[in-house]
Amino acid sequence: MQTKNILITGGAGFIGANFIRAMLSLRPDYHLVNLDALTYAGNLANLADLPQDQQQRHHFVHGDIRDGELLARLFKKYAFAGVIHFAAESHVDRSITEPQAFVDTNVGGTCTLLQVALAAWNEQRRPMDFRFHHVSTDEVYGSLGAEGAFTETTPYDPSSPYSASKAASDHFVRAYGRTYGLPVLITNCSNNYGPYQFPEKLIPLVIDNILARKALPVYGDGSNVRDWLYVLDHCQALLQVFEKGRPGETYNIGGGAERTTLQIVKELCRIIDARQGKPAGTSEALITFVTDRPGHDFRYAIDASKIKRELGWQPEHSFSVALEATVDWYLCQQEWVEGVKSGEYRQWLELNYETRAC
Ligand code: NAD
Ligand code: TYD
């Protein structure tokens with residue numbers, strides 16, 4: 001079997017690690033080179049228990065997407081058949097307090113990666129089956145009112161430094177497709193949830209706070225709506241787009257599960273109270289309304305009809321079942337959660353991986 005080398009950036013993060021796990025098990029002919037800078041969000045424990053045969057098809061490189069020389073060495077060594085680019089600063093609240101890091105990695109890093117990928121692609125005589133796939137967000141479209149959904153042609157209108165940086169990187173990816181012919185793909189997805197999500201995002205944060213009997217912070221009045229997507233459904237969609245998507249195209253990916261923040265928080269309280277045999281309503285007493293996030297987008301909703309029509313993808317997991325599975329994962333993986341909270345996960349690199357620059 002001929003092996004294909006694929007560069008995955010940000011594969012130690014939440015979605016990247018779920019994607020690597022899915023891809024290694026579904027595609028025995030793929031060899032994945034996982035380039036990750038291991039910021040606070042990168043955690044090699046997310047990939048610690050890969051089966052032996054899969055470990056051999058996963059090569060971790062500790063490095064930064066802004067390091068053009070390292071990227072050039074990797075492209076030379078592995079002659080990648082494609083790139084799936086997850087690496088980013090991903091948390092809106094952090095982008096409000098430290099926007100520069102978002103410009104540096106999300107915009108600067110993506111441009112460096114594009115430039116090196118383009119040079120390598122030209123050197124390989126422009127293979128038309130090469131793919132540069134940028135994993136992006138629905139937040140680039142800005143905020144919806146009570147009605148409607150984002151399509152692939154909705155104008156960009158980002159509100160936060162995070163979404164502005166992702167919008168800029170999408171524009172650069174599209175420009176490299178149009179200007180230089182690089183076969184690019186962009187996916188814009190809604191809010192993911194599931195295993196291995198860093199407990200700063202709403203769902204894992206609330207699960208953790210319920211278990212610790214801490215306040216559950218709800219921004220504003222809790223009426224903001226997100227369209228929740230189970231990460232394993234997202235990974236299936238990414239695989240379809242990477243393998244079958246038309247170069248130059250954008251595909252929106254959504255879970256078709258719109259919920260307000262307050263609905264999510266109450267549902268998590270209900271599930272955990274039931275798991276712990278506590279009377280209904282016990283954990284809801286922890287709900288605390290706090291000052292709203294500045295520039296907080298009111299509603300996101302995805303029209304995913306294009307990916308369904310062209311590639312036959314639709315989410316396989318119902319929201320209620322996947323949310324329960326997510327709670328159960330966190331309940332069973334308290335060691336993982338404690339490792340993240342204590343900072344112990346930062347030692348994974350030294351303990352478990354030999355760092356090979358290239
Ligand atoms: P994450 O924050 O969990 O992981 C990001 C990963 O990128 C980490 O492993 C981090 O170490 C790595 N990284 C950061 N800066 C880097 C750099 N300069 N060089 C190399 N590696 C670097 O993020 P996530 O939730 O897994 O999101 C992955 C991608 O999906 C991001 O591009 C994000 O914008 C996009 N996205 C996420 C969501 C979501 O709900 N989580 C929704 C839509 C789109
Ligand atoms: P988040 O998980 O940060 O994702 P995003 O901002 O990218 O959509 O937040 C999801 C929603 O939950 C968003 O409307 C903000 C809200 N939220 C809270 O109300 N409290 C919190 O502590 C967090 C982290 C988010």
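Right, let's walk through the structure included here. (Residues numbered from 1 in each chain as written. Chains lettered and ligands numbered in written order. Predicted model: local features only at pLDDT ≥ 70, side-chain atom pairs only at ≥ 80, totals over all residues. Heavy atoms only, no water.)

A few words now on the overall build of the protein chain. Counting secondary structure elements, the protein chain contains 13 helices and 13 strands. The C-alpha radius of gyration of the protein chain comes to 20 Å, within 12% of the 21 Å expected for a compact globule of 358 residues. Overall size of the protein chain, expressed as C-alpha extent along the three principal axes, is 65 × 45 × 40 Å. Residues counted as buried form 54% of the 358 residues belonging to the protein chain. Taking all contacts inside the protein chain whose residues are at least 6 apart in sequence as the whole, residues at least 24 apart take part in 84%. Surface exposure of the protein chain reaches about 15000 Å², of which carbon and sulfur atoms provide 50%. Taken as two groups, the 34 positive and 42 negative side-chain charges of the protein chain have centres that lie 4 Å from each other. (Helix = DSSP H or I, 4+ residues; strand = E, 2+ residues; numbered from the N terminus. Rg over C-alpha atoms; globule rule 2.2 N^0.38 Å. Buried < 20%, exposed > 50% of the residue type's maximum accessible area, 1.4 Å probe, protein only. Contact = heavy atoms within 4.5 Å. Areas by Shrake-Rupley, 256 points an atom, 1.4 Å probe, with all protein chains shown as cover. Lys, Arg positive; Asp, Glu negative; His and termini not counted. Charge placed at Lys NZ, Arg CZ, Asp CG, Glu CD.)

Here we come to helix α12 (residues 334–342). Two residues of an α-helix separated by three or four positions point the same way, owing to the 3.6 residues in each turn. Among all positions of α12, only Trp-336, Val-337, Gly-339 and Val-340 are buried. Viewed along the axis of α12, the buried residues span an arc of 160 degrees, placing them on a single side of the element. With respect to the buried face of α12, the exposed residues turned more than 90 degrees away are Glu-335 and Ser-342. Each element contacted by the buried residues of α12 is listed here: α7 (202–211) and α11 (319–332). Positive backbone phi, approximately 90 degrees, marks Gly-343, located one or two places after α12. (Arc of directions from axis to C-beta.)

To continue, consider the pattern of salt bridges. Pairing is possible between side chains of opposite charge, provided their charged atoms come close. Scanning the model with the defined rule gives 17 salt bridges in all. Glu-310 is the salt-bridge partner of Arg-246, the closest N and O atoms lying 2.7 Å from each other. Of this pair, Arg-246 sits in the loop between α8 (231–244) and β11 (250–253) while Glu-310 sits in helix α10 (residues 305–311), placing them 64 residues apart in sequence. Here Glu-338 makes a salt bridge to Lys-341, at a shortest N to O gap of 3.6 Å. (Salt bridge = Lys/Arg side-chain N within 4 Å of Asp/Glu carboxyl O.)

What surrounds ligand 1 is a group of 29 residues, the closest being Ile-15, Asp-36, Ser-90, Tyr-162 and Lys-166. The separation between an oxygen atom of ligand 1 and a polar main-chain atom of Phe-14 is 3.0 Å. Here a nitrogen atom of ligand 1 and a side-chain polar atom of Thr-105 are 3.0 Å apart. Elements supplying a minimum of two residues to the shell around ligand 1: α1 (14–26), β5 (131–137) and α6 (161–180). Among the elements that line the shell around ligand 1, the one with the most residues is β5, at 3 residues. (Near = heavy atom within 4 Å. Polar contact = N/O pair within 3.5 Å; in protein donor to acceptor, adjacent residues only side chain to side chain.)

A few words on the site of ligand 2. Taken together, the neighbourhood of ligand 2 is formed by 16 residues, with Glu-139, Pro-217, Arg-226, Arg-293 and His-296 sitting nearest. A distance of 2.9 Å separates an oxygen atom of ligand 2 from a polar backbone atom of Leu-202. At 2.8 Å, a backbone N or O of Pro-217 approaches a nitrogen atom of ligand 2. In the complex, 96% of the free accessible area of ligand 2, which totals 510 Å², lies under the protein chains. Every element with two or more residues in the shell around ligand 2 is listed here: α7 and β8 (216–219). Here the shell around ligand 2 takes 3 residues from β8, the largest share from any one element. For the shell around ligand 2, a count of residues per class yields 6 nonpolar, 5 polar and 5 charged. (Nonpolar A, V, L, I, M, F, W, Y, C, P; charged D, E, K, R; others polar.)

Applying the stated rule across the entire model yields 18 aromatic pairs. Their ring planes at 85 degrees and their centres at 6.3 Å tell us that Phe-102 and Tyr-162 sit as a pair that is edge-to-face. Placement of Phe-102 in helix α5 (residues 99–123) and of Tyr-162 in helix α6 is noted, with a sequence separation of 60 residues between them. Grouping residues by exposure puts Phe-102 and Tyr-162 together as buried. Judged by centre distance (5.3 Å) and plane angle (70 degrees), the rings of Trp-329 and Trp-336 are edge-to-face. (Phe/Tyr/Trp six-rings, centres within 6.5 Å; stacked < 30°, edge-to-face > 60°.)

Okay, the nonpolar core next. Soluble, globular proteins show a tendency: their nonpolar side chains are buried together. With 67 residues, the main nonpolar core has Phe-19, Met-23, Ile-84, Leu-268 and Ile-307 as its most contacted residues. A total of 8 residues in this core trace back to one element, the largest contributor, which is α1. For Met-23, the residues in contact, after removing those within four places along its chain, are Ile-6, Tyr-30, Leu-32, Ile-84, Leu-239 and Phe-242. Leu-7, Leu-35, Val-83 and Tyr-176 belong to the second largest nonpolar core, which has 27 residues in total. (Core = buried A, V, L, I, M, F, W, Y, C linked by side-chain atoms within 4.5 Å.)

Taken N-terminus to C-terminus, the directions of α7 and helix α9 (residues 261–275) make an angle of 40 degrees; their axes are 10 Å apart at the nearest point. Of the possible angle classes, the one that applies to α7 and α9 is oblique. The element α7 and its partner α9 pack so that their crossing is right-handed. Of the residues in α9, those touching α7 at Leu-202, Ile-203, Val-206, Ile-207, Ile-210 and Leu-211 are Thr-261, Ile-264, Val-265, Leu-268, Cys-269 and Ile-272. A per-class count over the contact of α7 with α9 returns 11 nonpolar, 1 polar and no charged. (Axes fitted to C-alpha atoms, helices over the stretch in contact; angles between N-to-C directions. Parallel < 35°, antiparallel > 145°, perpendicular 65-115°, else oblique. Left-handed = near helix turned anticlockwise from the far one by under 90°.)

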